[in-house]
Amino acid sequence: MRIAVTGREGQVARSLRATAPSGIEVIAIGRPELDLANPASVLPALTAAQPDVIVSAAAYTAVDKAESEPESAFAVNAAGAGAVSEAAAKLGIPVIHLSTDYVFSGEKLAPYVEADPTGPISVYGSTKLEGELRVAAGNPDHVILRTAWVYSPFGANFVKTMLRLAETRNELRVVADQQGCPTAALDIAEATLAIAARLKADADIALRGTFHLTGTGEASWADFATEIFAQSRALGGNSAAVTPITTAEYPTPARRPANSRLSGDKLAATYGIRLPGWKSSTEIAVRAILKNAI
Ligand SMILES: NC(=O)c1ccc[n+]([C@@H]2O[C@H](COP(=O)([O-])OP(=O)(O)OC[C@H]3O[C@@H](n4cnc5c(N)ncnc54)[C@H](OP(=O)(O)O)[C@@H]3O)[C@@H](O)[C@H]2O)c1
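Computed from a prediction, not measured in an experiment: that's the story for all the values here. Along every chain, residues carry numbers that run from 1 in the direction the sequence is written. With the structure being a predicted model, the display of local features is reserved for residues of pLDDT at least 70 and the display and counting of side-chain atom pairs for 80 or more, all residues being used for whole-chain, interface and lining totals. Excluded from the side-chain calculation are hydrogens and water; included are all heavy atoms of the structure.

### Observations concerning helix α2 (residues 42–49)
Here the term buried applies to any residue with accessible area under 20% of the maximum for its type, exposed to any over 50%, and partly exposed to those in between, with areas from a 1.4 Å probe on protein chains only. Segments assigned H or I by DSSP are reported as helices when at least four residues long, segments assigned E as strands when at least two residues long, and all are numbered from the N terminus. For α2, every residue scored as buried is listed here: Val42, Ala45, Leu46 and Ala49. The buried residues of α2 all sit within an arc of 90° when viewed along its axis, so they share a single face. Opposite the packed face of α2, turned more than 90 degrees from it, sit the exposed residues Pro44 and Ala48. By definition in these notes, contact holds between two residues if any of their heavy atoms fall within 4.5 Å. Buried positions along α2 lie against β1 (2–6), β2 (25–29), β3 (53–56) and α3 (70–91). Of the residues flanking the end of α2, it is glutamine 50, one or two places downstream, whose phi is positive at about 45°. Throughout, the arc means the angular range of directions from the helix axis out to the C-beta atoms.

Structure below.
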């Protein structure tokens, strides 16, 4: 099986390349050949890769910057995502599109299920929601995977930021009133490869649609930071004391949902896939990051 993934150096794209077993070829396609801000570039770039399945992982992911650049975020996350889905339809193949917990408002008190009403509270969330709609309209043969709080040994993410800050600080103030599901990009990649294989082999409509895909369990950012430092300390790396603070004490341009927790029950019931507990995957990422840093 040959998979084309959009975005060459993104966390999910790199994790797919790192995870794919022999027999699955992952071709990462990004700028300049494929520029989501230039929809005309999308079909030729994906056609040239001759894929069996497309994974749409590239996105405008700068959540705060999107507040002041709504047009750029919309072009990439909505129009660009739609162009990828339409290209998959023209090639007669499935598309697996990555979306986000930020399509929800965060007001629900329990984990969100796929059927819950959306209600983004940021520009990024709004553009990703419009992307979902365009992906669904562009190709009936689609899976939309909403994930959250993604980290990996690659690129920029919360785990790497915490470990970097601990090099120079003994104490860090971290938000404790946002709840979510930390998710390893390597776990996303493994699940995505399994879903791609099922989609290629099985036309069952029940396998298509929107699914939540996050690490099992839940945490606040402060819980997550505390666990990162516990793992790092145990492995001989840097750590810092975590002081819990409120969102109001850490103002950002974009609002974030207070509750970002997503239920993985639909994916488990449909595909038999449930991601590992977030703590065990955090340990794997911290170990890999520390190893590269030494
Ligand atoms: N990170 C999270 O916490 C998180 C949470 C929920 C959902 N998601 C979703 O999960 C998916 C994967 O996220 P990630 O963390 O892997 O993202 P990432 O590491 O930020 O990578 C984003 C990728 O998109 C590419 N890209 C940006 N603009 C582009 C354009 N105009 N044309 C082509 N490529 C472009 C970037 O290319 P360059 O390398 O050239 O910059 C980069 O490779 C995204 O759809 C994101 O919205 C992420």
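The discussion continues.
### A closer look at the environment of glycine 10
By secondary structure assignment, the location of glycine 10 is in the loop between β1 and α1 (11–19). Separated by 145 residues in sequence, glycine 10 and glycine 155 place their C-alpha atoms 6.7 Å apart.

### Observations concerning the pattern of salt bridges
Pairing is possible between side chains that carry opposite charge, provided their charged atoms lie close to one another. Salt bridges, as used here, are contacts in which a Lys or Arg side-chain nitrogen is within 4 Å of a carboxyl oxygen on Asp or Glu. Tallied over the full model, the rule gives 11 salt bridges. A salt bridge links arginine 256 to aspartate 64; the shortest N-O distance between them is 2.7 Å. Of this pair, arginine 256 sits in the loop between β12 (241–245) and α8 (265–271) while aspartate 64 sits in the loop between β3 and α3, and the two are 192 residues apart along the sequence. Judged by relative accessible area, which is 25%, aspartate 64 ranks as partly exposed.

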